[in-house]
Amino acid sequence: MKNIAIIGTGYVGLVTGVGLSEFGNKVICTDINQSKINNLNSGKVPIYEPGLEELIKKNINSERLFFSSDIASSLKKSEVIIIAVGTPQSKGGAADLRYVFDVVDRILENLNSYKVIVTKSTVPIGTGNKVITQLQRKYEENIDFDYVSNPEFLREGSAVKDFLWPDRVIIGTKGEKALQIMCDIYRPLYINKNPIQHTSVETSEMIKYASNSFLALKISYINEIANLCETVEADVHDVAIAMGKDGRISDKFLHPGPGFGGSCFPKDLEALLSLSQEHNVTMETLQAAIKANKNQKERIGEKLDRLISGGIRGKKIAILGLAFKANTDDVRESSSIDLIKFILNQGGFVNAYDPIANKNMAKIFNNIHYYDNVYDAINEVDALVIMTEWNEFRSLDLNRIKKSMRNNYVLDTRNIVNMKDLSALEFVYDNIGRLKI
Ligand code: NAD
Ligand code: UGA
């Protein structure tokens, strides 16, 4: 059991704090956002994440999980410090590291005993070295520390599960003592199998970017295959299933859709590209994945415009799904944003519905109508577009929908609605790369 301070209680910091307390450690989650900490202390969880609230309650009751805005005293009390602040995209594409280095300054002011300083934020390769150099100013005063890169691979929507049962835990460090301590904090994980892989700091940093970029590349690839399927009368669904049966390819991340979004893939690909350019290394695949994703997002609006007789102008369109993927209320870089902009620019009108992300989208668009259920949103619309693969959209009452819509156009960008049913009800429909029935 270790005393751990998490700096930055966002998606990653909160889930990490909760997960490590569940593993038996004593964790203080800190943040500069006082109201976030106040809310957590009064039982309000700032993000939607299945299973998180229950686990927070459980570990607060077991006195292993605490929330504090007193970062200085939390740092002093803890042997392990985990940096989990944001690393957003800066104007030129590179990762903006100002929050990470702000935290390093705070750590410097409060180094009172040996610490393991861990970066969990996604940071460009070489950042660890810069952090170590900055920290060594204090090291000269004989206060000892070790540095660890421990990137996080959780997905939004399944973050708790991903943290508690990870495929791998990367520990990038030179320090033997730090490696031991890190293994201790993750101890419950290797009762059955050992997911821990020890690497250098730089390799660990690279593993994170290489993994995210590869997944994004896979999505862009299947999206382009789907687009070609549409013109050569092949069915991408069957293609992906068959490809996935080859263990070298795997069936994961082969779902075509409206383009990848979220707070990570888009910015991480840009950051890696920017780093490669800084080092004069050409990465054509990365550039292609980014470009293909931009094209895919634009393609959705164009597809809709082609589908509706007479185009989007003057038409009322229901968008079902605003979150960038299912099981989250996060709309950052969601393809729905691009589609809404496109429809409004074309002179169309938008009715929007998402089971939990309406509120977040309303911060971006206040000139569209939001509804609390599908059937109100589709009333009297010309077209409906499924943008997020929420389970409730897999079993829509198409009969009821047909009667309520004023026209009959359906664009299913997640390929989740049964095409036979759409045909039987005489909807005019389109999707991504499927052979129409
Ligand atoms: P987030 O924006 O949800 O949270 C960051 C938090 O850090 C905020 O609450 C902010 O108030 C706080 N903060 C900023 N500066 C601070 C400071 N000086 N001291 C204390 N707190 C401070 O970000 P996130 O989504 O949790 O991402 C964090 C990092 O983890 C990023 O590098 C991201 O790329 C990476 N990551 C994210 C995910 C994900 O699914 N969201 C998954 C893996 C890795
Ligand atoms: C992604 C990675 O999957 C995590 O491993 C990583 O930790 C995280 O980024 C991060 O670094 O932040 P996340 O962005 O939460 O996680 O969500 P994903 O499930 O990866 O989906 C990303 C986007 O790709 C979504 O828009 C999703 O709809 C899209 N996607 C995903 C597809 O279009 N097709 C697929 O087959 C899979």
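The rules behind each value
Residues numbered from 1 in each chain as written. Chains lettered and ligands numbered in written order. Predicted model: local features only at pLDDT ≥ 70, side-chain atom pairs only at ≥ 80, totals over all residues. Heavy atoms only, no water. Domains from an automatic or database assignment. Contact = heavy atoms within 4.5 Å. Buried area = accessible area lost by both parts, 1.4 Å probe. Salt bridge = Lys/Arg side-chain N within 4 Å of Asp/Glu carboxyl O. Polar contact = N/O pair within 3.5 Å; in protein donor to acceptor, adjacent residues only side chain to side chain. Nonpolar A, V, L, I, M, F, W, Y, C, P; charged D, E, K, R; others polar. Phe/Tyr/Trp six-rings, centres within 6.5 Å; stacked < 30°, edge-to-face > 60°. Helix = DSSP H or I, 4+ residues; strand = E, 2+ residues; numbered from the N terminus. Pairing = 2+ DSSP bridges. Axes fitted to C-alpha atoms, helices over the stretch in contact; angles between N-to-C directions. Near = heavy atom within 4 Å. Areas by Shrake-Rupley, 256 points an atom, 1.4 Å probe, with all protein chains shown as cover. 1 Å grid on protein atoms, 1.4 Å probe; cavity = no way out; pocket = protein on both sides within 12 Å on 5 of 7 lines; lining within 4 Å. Points joined across faces, edges and corners; volume = space filled by probe spheres on them.

Points about the domain arrangement of the protein chain
In terms of domain boundaries, the protein chain breaks down into domain 1 (3-199) and domain 2 (210-290). Domain 1 and domain 2 are separated by 29 Å when their C-alpha centres are compared. Every contact between the two is made by twelve residues of domain 1 and, on the other side, ten residues of domain 2. When domain 1 packs against domain 2, the two sides together hide about 790 Å² of surface, and 57% of this comes from carbon and sulfur. Taken together, the links from domain 1 to domain 2 amount to zero salt bridges. Scanning the region where domain 1 abuts domain 2 turns up three residue pairs in polar contact (both at pLDDT 80 or more). In terms of residue class, the side of domain 1 that touches domain 2 is made up of six nonpolar, four polar and two charged.

With respect to the packing of aromatic side chains
Using the criterion set out here, one finds six aromatic pairs in the structure. With centroids separated by 5.9 Å and ring planes inclined at 25 degrees, the aromatic side chains of Phe23 and Phe163 adopt a geometry described as stacked. Highlighted residues: Phe23 in the loop between α1 (11-22) and β2 (26-30) and Phe163 in helix α7 (residues 159-164), separated in sequence by 140 residues. Through pairs of rings, three or more aromatic residues link up here, namely Phe23, Phe163 and Tyr186.

Digging into the sheet that holds strand β10 (residues 349-353)
Strand order in the open sheet made by the six strands is β11-β10-β9-β12-β13-β14, with parallel pairing throughout. Strand pairing shows two members of the sheet lacking a second neighbour, β11 (369-370) and β14 (428-431), which therefore form its edges. Pairing between strand β13 (residues 409-412) and β14: four bridges, direction parallel. If you follow Tyr409 over to β14, its bridge partner there is Val428. Relative to β13, helix α12 (residues 284-307) is tilted by about 155 degrees, and along the sheet it contacts β9 (316-320), β12 (383-386), β13 and β14.

Some remarks on the site of ligand 2
The immediate surroundings of ligand 2 are formed by 19 residues, with Phe153, Leu154, Glu156, Lys208 and Cys264 found nearest. At 2.8 Å, a backbone N or O of His255 approaches a nitrogen atom of ligand 2. The side chain of Arg414 places a nitrogen or oxygen atom 2.8 Å from an oxygen atom of ligand 2. When isolated, ligand 2 has an accessible area of 700 Å², and the protein chains bury 91% of it. Contributing elements (two or more residues each) for the shell around ligand 2: α9 (201-232) and α11 (265-278). In terms of residue count, the dominant contributor to the shell around ligand 2 is α9 (three residues). For the shell around ligand 2, a count of residues per class yields nine nonpolar, three polar and seven charged. A domain-level breakdown of the shell around ligand 2 finds at least three residues from each of domain 1 (3-199) and domain 2 (210-290).

Points about empty space enclosed by the protein
On inspection of all chains with the given rule, the structure shows one cavity of 30 Å³ or more. Of the voids in this model, the largest cavity is the one considered here, and its volume is about 50 Å³. Lining the largest cavity we find Thr119, Lys120, Ser121, Thr122, Val123, Ser149, Asn150, Pro151, Ser204, Glu205 and Lys208. When residues of the lining of the largest cavity are assigned to their parent elements, the largest contribution, three residues, is made by α9. Class assignment for the residues of the lining of the largest cavity results in two nonpolar, six polar and three charged.

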